[in-house]
Amino acid sequence: MIHFRKHHTNLLHSFIPDFIPYLKALFHNRVYMLFICITVLQFSAFNGIMTFMPKYLEQQFGKSASDAIFSIGIYNLPVVCIGYFFGGLFMKKFKTNTFQAANIAFWISLSGYLLYFSTYWTICDASPVAGLTVSYEGREHVSYTENTLLAGCNNDCNCALKIWDPVCGDNGVTYVSPCLAGCKASTGTGKHMVFENCTCIAASGFSSQNVSAILGQCDKEENCDKMLHYYLILSLVCSFIFSLSATPGYMVLIRSLKPEEKSLGVGIHGLASRVFAGIPSPIYFGALIDTTCLKWGTKSCGGEGACRMYDIVTYRWLYLGLPALLRGVSYIPSVFILLILKKKLKSSESKVLMNPPVEMQTKEEENESLK
């Protein structure tokens, strides 16, 4: 036990004097520090997308949380593994140098980034909700305040504004609750309950023969399933391209370090990616997405619950736009890495030309003697 403590103490004393010089060397390594910046930005974007993708599929395309998570597992995770495998296989087969690896990673990643913008066209409009996305008269507007839930047709009903119990009217409009729809009577029980004599449905600007409503939100547009498949396929291709560029990029990190710096360098790189990207990105992504909430739920104890409905257009621009911004900024340090590596490659080639290896010099002398 005493021997172990002495050995551990000796290791610690030998490690501390070397730690600071190695740390300084890493901080002065321009390629390494730029690569950490790229990793933080790219990982922040990827982490934000994956964290809130189930909620996005739920709100944008009307999928349940379980269906959304299942779709992500089927479409995204397998192709990421395949991309890592083929990226490593490519690097092994062609034996590229550091500049070539950085060049490959840059252009593959950039092509995936440009393809990512096509997801902006996978749009599925939500059914209108009276008092939130449309007025009770049928005019389109978005409201973040609760007082717009009240109108002349339900003003005398003394409805609770905090409750979220949506009903779908015969006019295709969703109402936050049967009371806010102005319904006076109901028939049936449970899921088959029908609310009748709804004054707000009758007073709406939408054409409707009946003035009744059923439980639940109105269905989304018919093309939502088709748009969901388009979005998932695009997400699949983008995930594959992103993972394909990961191995060449990681080789740039490894080759930018000296042999004695590799273990510390990889450790600091992993720490930075988790501290500056893995932890904060879900926080600020979630905070920004919460600003698009139109209707908050209420807990049984009276506190504010989860968001029941979002402004889906603003949600889409934030969810898709913030990763695009982060990834776009990450290509600035990527360009600097390419320039630095290209300069180093030219410098090493010029040195070789001016000072050829000893074996080459010997062969040239032999050729001269033969002449």
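Residues numbered from 1 in each chain as written. Predicted model: local features only at pLDDT ≥ 70, side-chain atom pairs only at ≥ 80, totals over all residues. Heavy atoms only, no water.

Caption draft 1: Geometry of a nonpolar patch on the surface. Taken together, the side chains of Leu-325, Val-329, Ile-332, Val-335, Phe-336 and Leu-339 present a nonpolar region at the surface, about 550 Å² in accessible area. Residue position: Leu-325 is located in helix 11 (residues 312-354). Using a relative accessible area of 53% as the deciding quantity, one classes Leu-325 as exposed. (Patch = residues over 30% accessible without salt bridge, like charges linked within 9 Å, V, L, I, M, F, W, Y side chains within 5 Å. Areas by Shrake-Rupley, 256 points an atom, 1.4 Å probe, with all protein chains shown as cover. Salt bridge = Lys/Arg side-chain N within 4 Å of Asp/Glu carboxyl O. Helix = DSSP H or I, 4+ residues; strand = E, 2+ residues; numbered from the N terminus. Buried < 20%, exposed > 50% of the residue type's maximum accessible area, 1.4 Å probe, protein only.)

Caption draft 2: Broad picture of the pattern of salt bridges. Within this structure, the stated rule accounts for four salt bridges. Where Asp-225 meets Lys-63, a salt bridge forms, and the shortest distance between an N and an O atom there is 3.9 Å. Taken together, the residues span a long stretch of sequence, with Asp-225 in helix 7 (residues 224-244) and Lys-63 in the loop between helix 2 (30-61) and helix 3 (65-75) at a distance of 162 residues. Between Lys-162 and Glu-146 there is a salt bridge, and its shortest N-O distance comes to 3.5 Å. Placement of Lys-162 in the loop between helix 5 (98-116) and strand 1 (167-169) and of Glu-146 in the loop between helix 5 and strand 1 is noted, with a sequence separation of 16 residues between them.

Caption draft 3: Focus on the sheet that holds strand 2 (residues 174-175). The strand order across the open sheet built from five strands is 2-1-5-4-3, with neighbouring strands paired in antiparallel fashion. Edge strands, defined here as strands with exactly one partner in the open sheet, are strand 2 and strand 3 (185-187). Note: strand 1 against strand 2, two bridges, orientation antiparallel. Looking at the pairing, Cys-168 lines up with Thr-174 of strand 2. (Pairing = 2+ DSSP bridges.)

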